[in-house]
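Structural overview for review
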Amino acid sequence: MKFSFNWLSELVEGIDVPPKELGRLITMKTAECEGVQTFGDFLTAVCAARILSVEPMGGHNVKAVVDTGRYGVKTVVCGAPNCRPGLVSAYVPPGVRLGDREIGVAVISGVASEGMLASGAELGINRDSEGILELDLDPGAAIPGCAPDSIIEIDNKSITHRPDLWGHHGLGREVAAIVGGMLKDPVQLERIPNAEPPIKVEIESFDLCPRYSALAFENVTVRPSPLWLQYRLMAIGLNPINNIVDVTNYVMAELAQPMHAFDWDLLRGSAIRVRCARPGERIVALNQEEYALDPRDLLITDERGPIAIAGIIGGLDTAIHNGTRRLVLESANFQASSIRKSSSRLKLRTDASMRFEKAQDPLNTLRGLARALELLEEVSPGIRLVGGLADAWIGWKTPSPIELPLDWLIMKLGRPVGAAEAARILRSLEFGVEERSPRVLSVTVPSWRATRDVSIKDDLVEEVGRMLGYDSIPIQAPLVQALPPPRNEERLFQRSIRAALVELGFTEVMNYSFVNETELRALAMDPAEHLAVANPISSDQGLLRRSLLPGILRNIAENSKHFERFRLFEIGSEIHKKPEGLPNEIPHLAAVIYGHDDGVEGLMELKRVAEHLMPGCELQHAEARPYEHPARAAEACWNGTCIGRLFEFHPSLVENGRAAVLYLDLTRLQRLAAEQQRRYTPLRRFPSSAFDLSVVAGLQEPVGNIQKLLKQFGGTDLISIEFLRQYSGPPLPEGAKSVSFRLTVGAADHTLSSDEVGAIRTRIIEAMRQAGYELRV
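Notes on the structure in this doc start here. (Residues numbered from 1 in each chain as written. Predicted model: local features only at pLDDT ≥ 70, side-chain atom pairs only at ≥ 80, totals over all residues. Heavy atoms only, no water.)

Our next topic: the overall build of the protein chain. Across its full length, the protein chain carries 20 helices and 41 strands. For 777 residues, the compact-globule formula gives about 28 Å, and the C-alpha radius of gyration of the protein chain, at 38 Å, lies well above that figure. By principal-axis analysis of the C-alpha atoms, the protein chain measures approximately 115 × 85 × 60 Å. When the 777 residues of the protein chain are sorted by exposure, 50% land in the buried category. Sequence-distant contacts in the protein chain: of pairs separated by 6 or more residues, those separated by 24 or more amount to 69%. Surface summary for the protein chain: the accessible area is close to 38,100 Å², and the carbon and sulfur share equals 50%. Taken as two groups, the 85 positive and 100 negative side-chain charges of the protein chain have centres that lie 3 Å from each other. (Helix = DSSP H or I, 4+ residues; strand = E, 2+ residues; numbered from the N terminus. Rg over C-alpha atoms; globule rule 2.2 N^0.38 Å. Buried < 20%, exposed > 50% of the residue type's maximum accessible area, 1.4 Å probe, protein only. Contact = heavy atoms within 4.5 Å. Areas by Shrake-Rupley, 256 points an atom, 1.4 Å probe, with all protein chains shown as cover. Lys, Arg positive; Asp, Glu negative; His and termini not counted. Charge placed at Lys NZ, Arg CZ, Asp CG, Glu CD.)

Shown next as structure tokens:
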């Protein structure tokens, strides 16, 4: 949200601090200021200049001699189609920097151009780049209302609870309280006459639309706004359109009251109705997009049908255009949640909807109309108000005063504050304050703070505290008993998994729990099985994930652009919907190793990771799922329970590399880990012996099956078994491989003799041969 320092200075008398310091004070006492940027700082050097003569140069350029008044007579080269003798335009002298371009003396086709004549777009006054500005000024004069400004940018997230701060007048109230200035009210309510309105307003549900106010005008002239108005809108990021629309945007930016103008001649009937959409209704909006409406969407309608989506955007059929001669000006108040839901459902967020969804002040509708009436009379000479105010509303119930005991306030703040000081602060923010009993303030909340912001005495503590300055409160630990929180076994277990993976060289990633249909179909997952989000934050985040893999695949795609090798992991929840109630959230681990090799190394490394997390786990060959490599998929089992899978992503899903994945159910893993009984085993007192065996098996035979048999036949004599290598090729027959292991054997009560070791080796060899395997001995 952008605020003009010049605009604030007009509304507040007594701002005696520079813009950057004001930004810092706003951050400390009201809302987070993200920065202060200068705007139009070069405009002090720009002045009006009259074109004395124009001489063609060939092509579209002309040589113009101009009287700048301030800088004397200059020669410039200009390519604008409206450059003509007698025209007064904007002259930019050499040495001025416009954005990234510094204006100098340039020689064009042999003519030295001393500066330039500028368009409104080049000066940042508007977006018109079709020709140079046309002014009604004397040479040398500055452009009125277009002075250098400083733009204070406020973080929107820090004012979501403050609908009044979405306009300059609301922030001006805060600034006046901060610097001790006086706030001016730009609104003159007496401008609205007490007369019969020419139109009627009907509201179907006052719950959805507490108030709808409107004025009607005739003898309207639609034309560009004065430059001061265009410049002010441009400074805060709004586009000038025409004088009528610009006035509505100006009022919105000043009073935080969105407004809309309808072409009266394009309305049907004598009444404007506020109602919910009917089945099948559609509207073409000002952005020229057509929207299918839902019965939950609130509409502004005439006799024919929808003319606006309430609080969001107007309709194209009744829009203001160059030929508009009569208009109806709307200023309304809508239920915040209704506007937010419709905006999300239609995927249409506007400056108006962002304000209405914050719960606007219903008393502000008349203030907006009164201010617009004053501005319209200035920017559209001859405009006439027809009749009086059309106003439908349920009235305003002033909230009951809040009792604020001073002793309680001091206790909550943690610092002393007097009754007079607390009352002064609250009155500076335009709260009503009376001391009806000793050391107890009775505080009346103004309407613009009562919609959803201030309702209890705790809210008033914040008001007093922030204006005193939180840095004035002594730092002191609270005098409360410190108790350790209860153990969260799941969290502790997941932390141990994280720590283990980080030690093994993995980097943690954290993805959103939202996925889209395209990502799911790429992995052959059914979108219908996923839980849909009622109000997705964007169109590509409409479903809740049932797997961590879509996010992991995104991580692989992004990181593979920058790294040839990497290791990532995520711990997150799969979200499975149930027929009734809340969905099941099952924590899972997804660990991935990406590289440009043949992928075997990644699979073997993840097997080691699995054995680290689940000592003694087994990998069993499994049928590949659609997103898995057809020949590289296995189930990871521990103590007879399937915990997850080890696989490689299908090559079609990963560009320019291979990605191996270990995917584990952490709920099962935690349960089995808790059941593991750890027993003390003393160190071996006697030496062990080792020998190697090479088993010949089919090329597709899982190595794990061979290792399992060797462990079985080794019996109690076997201390450990280690995979060494795998070989295929001559002299082995085609379709065969040799798998080598190192077996370590020993006894607990003596050192095995060579004959005993040989007997164990022979026993294992014979058992393997009886099982159908050949050994290379």
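Attention now goes to the packing of aromatic side chains. Note on aromatic pairs: each is described by the distance of the centres and the angle between the planes. Under the definition given, this model contains 10 aromatic pairs. Relative to tyrosine 231, the ring of phenylalanine 39 lies with its centre 5.5 Å away and its plane at 45°, an arrangement referred to as tilted. Here tyrosine 231 lies in helix H5 (residues 227–235) and phenylalanine 39 lies in strand E3 (residues 33–39), a separation of 192 residues in the sequence. Ring centres of tyrosine 71 and tyrosine 91 lie 6.0 Å apart, and the angle between their planes is 55°; on these two criteria the pair is classed as tilted. Of this pair, tyrosine 71 sits in the loop between strand E5 (62–67) and strand E6 (73–78) while tyrosine 91 sits in strand E7 (residues 88–92), and the two are 20 residues apart along the sequence. In this structure tyrosine 91 comes out as buried when scored by relative accessible area, which is 0%. A connected cluster of aromatic rings, assembled from ring pairs, spans Trp7, Trp228 and Tyr250. Directly above the ring of tryptophan 393 sits arginine 211, whose terminal nitrogen or CZ lies 3.7 Å from the centroid. Residue placement shows lysine 457 over the ring face of tryptophan 408; its charged tip is 4.4 Å from the ring centre. (Phe/Tyr/Trp six-rings, centres within 6.5 Å; stacked < 30°, edge-to-face > 60°. Lys NZ or Arg CZ within 6 Å of the ring centre and 35° of its normal.)

So, about the sheet that holds strand E41 (residues 774–776). Pairing within the open sheet is antiparallel, and its 4 strands lie in the order E39-E40-E38-E41. A strand with exactly one partner marks an edge of an open sheet, and here the two such strands are strand E39 (718–727) and E41. The sheet shows a mean angle of 30° between the axes of neighbouring strands, direction not considered. Relative to E41, strand E38 (residues 689–698) runs antiparallel, the two sharing 3 bridges. Across the sheet, residue serine 694 finds its bridge partner in E41, namely arginine 776. Most of the contacts of helix H20 (residues 754–770) go to E38, to which it runs at about 10°, and overall it touches E38, strand E40 (736–745) and E41. (Pairing = 2+ DSSP bridges. Axes fitted to C-alpha atoms, helices over the stretch in contact; angles between N-to-C directions.)

If you check helix H6 (residues 243–255), its first and last C-alpha atoms are 18 Å apart, about what 13 residues at 1.5 Å a residue would give, namely 18 Å. Of all the 13 residues making up H6, 12 are buried; the element is thus mostly covered by neighbouring parts of the structure. Every buried residue of H6 is listed here: Asn243, Ile244, Asp246, Val247, Thr248, Asn249, Tyr250, Val251, Met252, Ala253, Glu254 and Leu255. Where H6 begins, the side chain of asparagine 242 points an oxygen toward the backbone nitrogen of isoleucine 244, at a separation of 3.1 Å. Where H6 terminates, the next one or two residues include alanine 256, which has phi positive at roughly 60°. (Expected span 1.5 Å × (residues − 1). Polar contact = N/O pair within 3.5 Å; in protein donor to acceptor, adjacent residues only side chain to side chain.)

Attention now moves to a nonpolar patch on the surface. On the surface, a nonpolar cluster with roughly 270 Å² of combined accessible area is contributed by Phe206, Trp393 and Ile394. Of note, tryptophan 393 is situated in strand E25 (residues 384–393). (Patch = residues over 30% accessible without salt bridge, like charges linked within 9 Å, V, L, I, M, F, W, Y side chains within 5 Å. Salt bridge = Lys/Arg side-chain N within 4 Å of Asp/Glu carboxyl O.)

Overall, mixed pairing links the 5 strands, which are arranged E15-E18-E21-E22-E23 in an open sheet. What marks the edges here is a single partner per strand, and that holds for strand E15 (200–203) and strand E23 (313–314). Relative to strand E22 (residues 306–309), strand E21 (residues 298–301) is paired through 3 bridges, and the arrangement is antiparallel. Note on E22: the bridge partner recorded for isoleucine 300 is alanine 308.

A cis amide bond, omega 5°, links proline 730 with the succeeding residue proline 731. Structurally, proline 731 can be placed in the loop between E39 and E40. The backbone phi angle of lysine 347 is positive, close to 55°, even though this residue is not glycine. A relative accessible area of 56% places lysine 347 in the exposed class. Positioned with a positive phi, asparagine 639 is a non-glycine residue whose angle comes to about 55°. With respect to the helices and strands, asparagine 639 occurs in the loop between strand E35 (628–638) and strand E36 (641–649).

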